[in-house]
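A closer look at the structure
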Amino acid sequence: MLKKLIFVAFLFSSLLFATSEDVMRANINYAGKLNTSVQKCMKHVVLIAEGFDKKSNIKGLKQTTKNFDKVIKIFIDGGKNKFGIEQIENSAIRTNLKGTMKLWKDFKKKISKKSFDAKALEEIGHLHDTLLEKTDRFIHILTDDCKGLTKVKIDTASEMYEATKQRTRSERMATLAALIYKKVNLETNQKRLKETVAKYERVINGLINGDDELGIHKIKINDIKKQLISEKRYWDEVKTSINRDSFTKEEVTDVVQKCIKLREDMAKGVKLYERSAKRQRKHLALSNLVNNIMAVGSKKEHVINLSIKEAARSQKMAKHVLLIAMGVNLPKNNEALKISAYGFDKTLKGFINGDKELDLSATTHPPIIKKLKILKKSWKPFFKNVNLILKDNGDKKAIKYIIENNDNLLDECQNLVKMFEKDRHFSHNIEDSSTAQIKFSGKLRMYSQRMAKEKLMIIGGMQVDKHNKNLLKCITNFDQIVHGLLESDKKLNLVGTSDKKIRTQLGKVQKMWLTLEPLYQKKKLSDKDLKTILKLNDPLRLEIDKAVTLFEHSVDN
């Protein structure tokens, strides 16, 4: 009864401004989707030009242009739609939108072909950059216009926007360095790299000291300032090695690694910017009472997240065992296998007996205790065989056991996840959506490991049809979840997110996925392709981990 009263009170306090905020959130979300679609179109064009998985990329390009058309027409002309967005009435924004539409028509005409030569790519690249500037501007002025619709005053909105854009700039610098190395549109990309470096330099200085022209205020919050100064120091160390007219293969690799570090550092800054805004939003509706109850829900989310992590570890262990069997980087894969196995064992024991380090209390719910006993029974021989492999890389019987039983262990883990989800007590609409976000972001971690395992099974010629089917299903699910976390997916109960720091982190996941997906789809891999999969697999998992943590913190704060 108390929960119902709390929900009614929460609902009543929110109804006064819920409708306008819902539209605002949807409009900003789909403005961001326009920006993403432009970049996605360019990705498909480049892959088509390279002759890579041409049929699939032509299909993807058509779908992306169709989605862009649909959304921008609603923004301009209005009409009923499933997106929850409405016609833009602000005259300044409409002027921007009409200019964007005109540019989009030119862009769409250029990319409608099935092949692209160097000249066409250069023209498309120029239009792409201009169109990106337009969609960026649309998001910026739309965000400013929508601030008046909410009771929450977010003093750092412009700074958060620019900090988020720094992540995109760091990605762009790495991409341009690679294009310059390959001598693609050499002079143009050299110029673009210099411009991006200059913009990055100006914004990082502006975030610390202020920049009136960019609308950035000097930072006064100590923890954010400390983080930004730390990033500025690193930027000063690496900018000379990035800002060049030519690169060797080794130098490009170095630039990519440095840009990854820049993205990670800026993500920490964005997280700090967002925290104060989240606190303000939480105070709008029965903050003390609701937040206390949400803390209980957060504890449940932590347990669910750890159970999903166990499912991911079951696949990660299988992946490392396969690599050990193939003789690939034995010291590294032995160490990774040991970490995953002992992490699995510690967490399982924590579910049963409690673990302070993992912030776990002993499970008391009888049906879950029964399920944990079943999982423990499956884990015991699995763990034993893992230890045999750790002692002797060539223990064929142990390797065979892991390969044959990892899917069974995965099934048991997923059953445990369902039991923990069922046991949740606090379930009003907002918490339900948060649960879905944490649950499915955690599942991305499992799929990232399972795809690598399935691909290695296929390469090894083991039940190829079965594992190919599993792989395709994982690819589809991974795609759907990433999209749902960013935009929405009714089937998965995902409402999407307008949280800039989460979108930034998911953008990192999406960026890596754009590289990995075509390799997982490819029937025959070169040594270079396989090396790319193995190189990006663990970094992808780490970026997903960060996204899961951000979703958890969004409930905590």
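A quick note: this is a predicted structure, and the numbers were derived from the prediction, not measured. Position numbers for residues count from 1 along each chain, tracking the sequence in the order it is written. Totals for whole chains, interfaces and linings use all residues, but because this is a predicted model, local features are given only for residues with pLDDT of at least 70 and pairs of side-chain atoms are given and counted only at 80 or more. The side-chain quantities take in all heavy atoms of the structure and omit both hydrogens and water.

**Side note on the overall build of the chain**
Per the secondary structure count, the chain includes 16 helices and zero strands. Residue burial is assigned from relative accessible area. The probe radius is 1.4 Å, only protein chains are included, and a residue is buried under 20% of its type maximum, exposed over 50%, and partly exposed in between. By residue count, 53% of the 557 residues in the chain fall in the buried class. When checking whether two residues touch, look at their non-hydrogen atoms; a contact exists if any pair is within 4.5 Å. Of the contacts made within the chain by residues no fewer than 6 positions apart, 74% connect residues no fewer than 24 positions apart. Reported accessibility uses the Shrake-Rupley method at a 1.4 Å probe radius. Residues are deemed covered only where the shown protein chains occlude them. Taken as a whole, the chain presents about 27,500 Å² of accessible surface, with 54% of it coming from carbon and sulfur. Only DSSP runs of H or I covering at least 4 residues are called helices, and only runs of E covering at least 2 are called strands; the numbering of each starts at the N terminus.

**Describing the nonpolar core**
Note on terminology: a nonpolar core comprises buried Ala, Val, Leu, Ile, Met, Phe, Trp, Tyr and Cys residues joined through side-chain atoms within 4.5 Å. Among the nonpolar cores identified, the biggest contains 74 residues, and Met-317, Trp-379, Phe-478 and Tyr-520 are the most heavily contacted of them. Looking at this core, the elements with two or more residues in it are α9 (287-325), α10 (330-353), α11 (366-391), α12 (396-422), α13 (429-459), α14 (464-486), α15 (500-521) and α16 (527-556). For Met-317, the residues in contact, after removing those within four places along its chain, are Leu-337, Ser-340, Ala-341, Phe-344, Trp-379, Phe-382, Val-386 and Leu-409. By size, the runner-up hydrophobic cluster in this structure holds 37 residues, among which are Phe-83, Met-101, Ala-120 and Leu-121.

**Quick look at the pattern of salt bridges**
The salt bridge definition used is simple: a Lys or Arg side-chain nitrogen within 4 Å of an Asp or Glu carboxyl oxygen. According to the stated counting rule, one finds 27 salt bridges in the structure shown. Of the charged contacts, one joins Lys-108 and Asp-69 as a salt bridge, the two residues approaching to 2.7 Å between their closest N and O atoms. With Lys-108 in helix α3 (residues 91-111) and Asp-69 in helix α2 (residues 54-77), this residue pair connects regions lying 39 residues apart in the sequence. Look at Asp-69 and you get buried, because its relative accessible area is 13%. Two residues, Asp-355 and Lys-346, come together in a salt bridge whose shortest N-O distance is 3.0 Å. Since its relative accessible area comes to 14%, Asp-355 is described here as buried.

**Some details on the packing of aromatic side chains**
What counts as a ring pair is set by centres within 6.5 Å for rings of Phe, Tyr and Trp (its six-membered ring), and what kind of pair is set by the plane angle: stacked under 30 degrees, edge-to-face over 60, tilted for all other angles. Applying the stated criterion across every chain yields a total of ten aromatic pairs. Each ring, one from Trp-379 and one from Phe-383, has its centre 4.9 Å from the other, and the planes form 15°; the classification is stacked. Residue Trp-379 and its partner Phe-383 are both found in helix α11; the two are separated by four residues, about one turn of the helix. Classification of Trp-379 as buried rests on a relative accessible area of 3%. Among the residues examined, Phe-383 registers a relative accessible area of 13% and is labelled buried. Through successive ring pairs, a cluster of aromatic residues spans Tyr-342, Phe-344, Trp-379, Phe-382 and Phe-383.

**Thoughts on α14**
With 23 residues, α14 should cover 33 Å at 1.5 Å per step; its first-to-last C-alpha distance of 33 Å lies within 8% of that length. Looking at the residues trailing α14, positive phi occurs at Ser-488, about 150°. What a helix should span is 1.5 Å times the count of its residues minus one.

**Thoughts on unusual backbone geometry**
Here Asn-329, not a glycine, exhibits a phi torsion of approximately 40°, which is positive. Considering the arrangement of structural elements, one finds Asn-329 in the loop between α9 and α10. Unusually for a residue other than glycine, Asp-359 sits at a positive phi of about 60°. On the secondary structure map, Asp-359 appears in the loop between α10 and α11.

**Brief notes about α2**
Helix length check: α2 (24 residues) gives 34 Å between terminal C-alpha atoms against 34 Å at 1.5 Å per residue, within 8%. Two residues or fewer after α2 comes Gly-78, characterised by a positive phi angle close to 75°.

**Topic: a positive patch on the surface**
Like charges are joined within 9 Å and nonpolar side chains (Val, Leu, Ile, Met, Phe, Trp, Tyr) within 5 Å, but only among residues with over 30% relative accessible area and no salt bridge; these make up the patches. The positive count covers Lys and Arg only, the negative count covers Asp and Glu only, and His and the chain ends enter neither. To locate a charge, take atom NZ for lysine, CZ for arginine, CG for aspartate or CD for glutamate. Side chains of Lys-66, Lys-70, Lys-82 and Lys-490 sit close together on the surface and give a patch of like positive charge. Counting through the fold element by element, Lys-490 comes out in the loop between α14 and α15. Its relative accessible area of 78% is what places Lys-490 among the exposed residues.

**Quick word on the packing of α11 against α12**
Between the N-to-C directions of two axes lies an angle of 0 to 180 degrees, each axis being a line fitted to C-alpha atoms and, for a helix, fitted only over the stretch in contact. Relative to each other, α11 and α12 sit at 160°, their axes nearing to 9 Å. One element, α11, and the other, α12, form an angle in the roughly antiparallel class. The two elements α11 and α12 meet at a crossing, and its hand is left-handed. Residue composition of the contact of α11 with α12, grouped by class: 20 nonpolar, five polar and three charged. Any angle from 65 to 115 degrees is called roughly perpendicular, while one under 35 is roughly parallel, one over 145 is roughly antiparallel, and all others are oblique. Handedness of a crossing follows from how the near helix is turned relative to the far one, being left-handed for an anticlockwise turn of less than a right angle and right-handed for a clockwise one. Three classes are used, and their members are as follows: Ala, Val, Leu, Ile, Met, Phe, Trp, Tyr, Cys and Pro are nonpolar, Asp, Glu, Lys and Arg are charged, and the others, Gly among them, are polar.

**Side note on the packing of α10 against α11**
Their axes nearest at 11 Å, the elements α10 and α11 cross at an angle of 155°. On the basis of their axis angle, the class for α10 and α11 is roughly antiparallel. Where α10 crosses over α11, the two elements pack in a sense that is left-handed. Counting all contacts with α10, which are made through Asn-334, Leu-337, Lys-338, Ala-341, Tyr-342, Phe-344, Asp-345, Leu-348, Phe-351 and Ile-352, the residues of α11 involved are Leu-372, Leu-375, Lys-376, Trp-379, Phe-383, Val-386, Asn-387, Ile-389 and Leu-390. Classifying every residue of the contact of α10 with α11 gives 14 nonpolar, two polar and three charged.

**Some words on the side chain of Asp-69**
Polar contacts, as counted here, are pairs of nitrogen or oxygen atoms within 3.5 Å of one another; within protein the pair requires one atom able to donate a hydrogen and one able to accept it, and residues that are adjacent in sequence qualify only if both atoms are side-chain atoms. Side-chain polar atoms of Asp-69 contact the side chain of Lys-108, separated by 2.7 Å. Setting aside anything within four residues of it in sequence, one finds Asp-69 in contact with Trp-104 and Lys-108.

**Details of the side chain of Thr-100**
You can see Thr-100 is positioned in helix α3. Look at Thr-100 and you get buried, because its relative accessible area is 1%. With near-sequence residues (within four places) excluded, Thr-100 lies in contact with Phe-68, Ile-72, Leu-131, Lys-134 and Thr-135.

**Thoughts on the environment of Ile-438**
Examined against the element boundaries, Ile-438 turns out to sit in helix α13. On the accessibility criterion, Ile-438 (0% relative accessible area) is buried.

**Some details on the confidence of the model for the chain**
For every residue, the predictor states its confidence as a pLDDT score lying anywhere from 0 to 100. Per-residue confidence for the chain gives a mean pLDDT of 78; residues scoring 70 or more make up 79%. This model gives residues 1-19 a pLDDT under 50, and the stretch forms 18 contacts once residues within four places in sequence are excluded. Here residues 280-297 is modelled with pLDDT under 50, and outside its nearest four sequence neighbours on either side it reaches 33 contacts, counting other chains as well.

**A closer look at the environment of His-140**
Secondary-structure assignment places His-140 in helix α4 (residues 118-146). In sequence terms His-140 and Ala-31 are 109 residues apart; their C-alpha atoms lie 9.5 Å from each other.

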